[in-house]
Amino acid sequence: MSYRPSFLAPTGHTSSSCGYCHSSSSTSVCTGAWAYELTAPHYQTLVDRGWRRSGQYCYRPALTETCCPALTIRCDVGQFVASKSQKKVIGKWRKFLAEGKGGPTKAEEEEGKEEGMVVDAEEGAEDIPKLSSTRTNKKTKPPSTSPQQSMSSASHSQPSALATLLTAAETSQPDHPSSHTFHTTLTPATYDETTYALYALYQTTIHGDAPSKLSPKRYTQFLVDSPLPKASPPDQPFGTFHHKYYVDDKLIAFAVLDILPSCLSSVYFVYDPAYDKLSLGTLSALKEIVLAESLAKDIPTLRYYYMGYYIHTCPKMRYKAQYSPSDLLCPATYTWIPTDRAIPILEAEKVAPLAELGDEEAESLADSCTSTDDSTLIISKGAQRLRAVEQAALASVSDRDVRALRAFEEGALVPFGRTETYQDTKEDVKELYALLGEELIQDVILVT
Ligand SMILES: [Zn+2]
């Protein structure tokens, strides 16, 4: 139990059009909560129960209702082995830095950056990953330091094969001056104009956003604001960071990353479209895996790199399974299942429990399968089993449990049952209770 509470305002179910299957109607359904403040351990628990965040809005797909079910995917950084095509991306990167090959082109419409990083289309969706901390110095340019670099300077374990490969790509040879310098910085997320300008270029070029849709305010709400406490490494290493990439001292890309107790979590990645040919999406994921390794030296509980959601129904989003080995989160049991074992299940069922269900879940399943709920007739067997587990979790939360939760109303802490909004919002709160679980909900103060 943590002693510090988190502050959440449930927002219930919302639906919108879908950026993955490009549905024109509101087929993408999720449950959400506005997070005023969230401790890092609490957010870790949330992501380990299938949640993500966009700015201060936390959401979880309603898996049995939504068009493109999204499951949390993680990569064990200590076990990661780069594939041939991932090594090729590092090779291209090395050539660019050393020889200037494959560099900037005229910004052009790019599509589906293959296995690179595809960007989840909607605002609010996560994007893919990126990260790291090295630099190529043409001559003697001092490296810029980042909080993480100084944090890990005291440790010395063997670098992984991936780290060695990336370092070699980004380090100039003594007798061979590099064509370009490169360095990264990792700093707590804040607004600045250069970063905003790159974001605006990326959104309009890559996502086709209308410039009128963009503003510093919206950018800040999306990629700067965070419910996590302000990070201040090394004493307070957790929080939301911007990992910035500089070529010849010019910002060419940045990742938004959350550093949490057991993972580095990718939030979004933005890059200069002129560097499209360098597969920066893939490169950034590889760099983030190395960053997670490096963070783990100071945060021994940090073992994983979270890539956001894996969406099997969307072929463009399957590239995340290429960062191997990885696990998918079972939405029924909240246990992790190796991706290669989970994929055959997802081939057969759009969504389903991925783990074997225990006796209790199986029992509730038997009950619900005899029900005559119309909706169960039209959804798949897997979704039906998942829905039964969700309904059992919901049924286990009593009105009394919900009334006893703590709420913040007009400057005072009161039992939720005594707030003015109780009647109107109790169903949303009950669902939040079931989705967060008994232990976490007791640490939450509801904002009404
Ligand atoms: Zn969809």
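Just above, that's the structure.
All chains use their own residue numbering, which begins from 1 and follows the written sequence. Reporting in this predicted model follows two pLDDT cut-offs: at least 70 for local features of residues, and 80 or more for side-chain atom pairs to be given and counted; totals over whole chains, interfaces and linings ignore these cut-offs and use all residues.

### Here's the deal with the overall build of the protein chain
For the record, the criterion: Secondary structure elements follow DSSP: runs of H or I of four or more residues count as helices, runs of E of two or more count as strands, with numbering from the N terminus. With C-beta atoms placed from the backbone, a residue is buried if 20 or more other C-beta atoms are within 10 Å of its own, exposed if 12 or fewer are, and partly exposed between those counts. Contacts here follow a simple rule: the backbone-placed C-beta atoms of the two residues must lie within 7 Å.
A tally of helices and strands in the protein chain yields 14 helices and 16 strands. Within the span of the protein chain, comprising 448 residues, buried residues form 46% of the whole. Taking the contacts inside the protein chain whose residues are at least 6 apart along the sequence as the reference set, 72% of them involve residues at least 24 apart.

### Details of helix H13 (residues 422-436)
Stated precisely, the cut-off is as follows: The angle separating two fitted axes, one through the seven residues that finish at a residue and one through the seven that start at it, defines the bend at that residue.
Within H13, the axis deviates most sharply at Asp 428, by approximately 30°. The complete set of buried residues in H13 reads Thr 425, Val 429, Glu 431, Leu 432, Tyr 433, Leu 435 and Leu 436. The first or second residue beyond H13 is Gly 437, which carries a positive phi of 90°.

### Some words on the nonpolar core
This is how it is decided: Only buried Ala, Val, Leu, Ile, Met, Phe, Trp, Tyr and Cys residues enter a nonpolar core, and they are joined through C-beta atoms within 7 Å. All domain edges in this entry derive from an automatic or database-based domain assignment.
Counting 118 residues, the largest nonpolar core has Leu 264, Val 270, Leu 286, Ile 289, Ala 292 and Tyr 305 as the members making the most contacts within it. Per-element tally for this core: the top contributor is helix H7 (residues 280-296), with 10 residues. Among the domains, domain 1 (6-41 + 51-69 + 331-447) and domain 2 (75-310) are the pair contributing at least three residues each to this core. Once residues lying within four places of it in the same chain are set aside, the contact partners of Leu 264 are Leu 257, Ile 259, Glu 288, Leu 291, Ala 292, Leu 295, Leu 302 and Tyr 305.

### Overview of helix H11 (residues 381-395)
Two residues of an α-helix separated by three or four positions point the same way, owing to the 3.6 residues in each turn. Formally: Here, expected helix span is obtained from the residue count minus one, scaled by 1.5 Å.
Along its 15 residues, H11 runs 21 Å from first to last C-alpha, staying within 8% of the 21 Å computed at 1.5 Å per residue. By the burial criterion, the buried members of H11 are Gly 382, Ala 383, Gln 384, Arg 385, Leu 386, Arg 387, Ala 388, Val 389 and Glu 390.

### Digging into the environment of Trp 336
Along the chain, Trp 336 falls in strand S13 (residues 336-338). Trp 336 gets classed as buried once you count the C-beta atoms within 10 Å, which come to 20. For the pair Trp 336 and Asp 48, spaced 288 residues apart in the sequence, the C-alpha separation amounts to 9.2 Å. Setting aside residues up to four positions removed in sequence, Trp 336 forms contacts with Asp 327 and Leu 329.

### Digging into the packing of helix H2 (residues 84-99) against H7
Convention followed: Note on definitions: angles span 0 to 180 degrees between N-to-C directions of axes, and those axes are lines fitted to C-alpha atoms, for helices only across the stretch in contact. Our angle categories are set so that under 35 degrees counts as roughly parallel, over 145 as roughly antiparallel, 65 to 115 as roughly perpendicular, and the remainder as oblique. The classification used treats Ala, Val, Leu, Ile, Met, Phe, Trp, Tyr, Cys and Pro as nonpolar, Asp, Glu, Lys and Arg as charged, and all other residues, Gly among them, as polar.
The N-to-C vectors of H2 and H7 enclose an angle of 100°; their axes lie 9 Å apart at closest approach. Between H2 and H7, the angle falls in the class roughly perpendicular. Taken together, the residues of H7 that come into contact with H2 (itself represented by Gln 86, Val 89, Ile 90 and Trp 93) are Thr 282, Leu 283 and Leu 286. For the contact of H2 with H7, the residue count by class is five nonpolar, two polar and no charged.

### A look at the pairing of strand S1 (residues 6-16)
Selection criterion: Note on pairing: two strands pair once DSSP finds at least 2 bridges between them.
Pairing analysis gives three bridges linking S1 to strand S16 (residues 444-447), with the strands arranged parallel. Looking across to S16, one finds that Phe 7 is bridged to Ile 445. Pairing analysis gives nine bridges linking S1 to strand S2 (residues 28-37), with the strands arranged antiparallel. Within S2, the position partnered with Thr 14 by the bridge is Cys 30.

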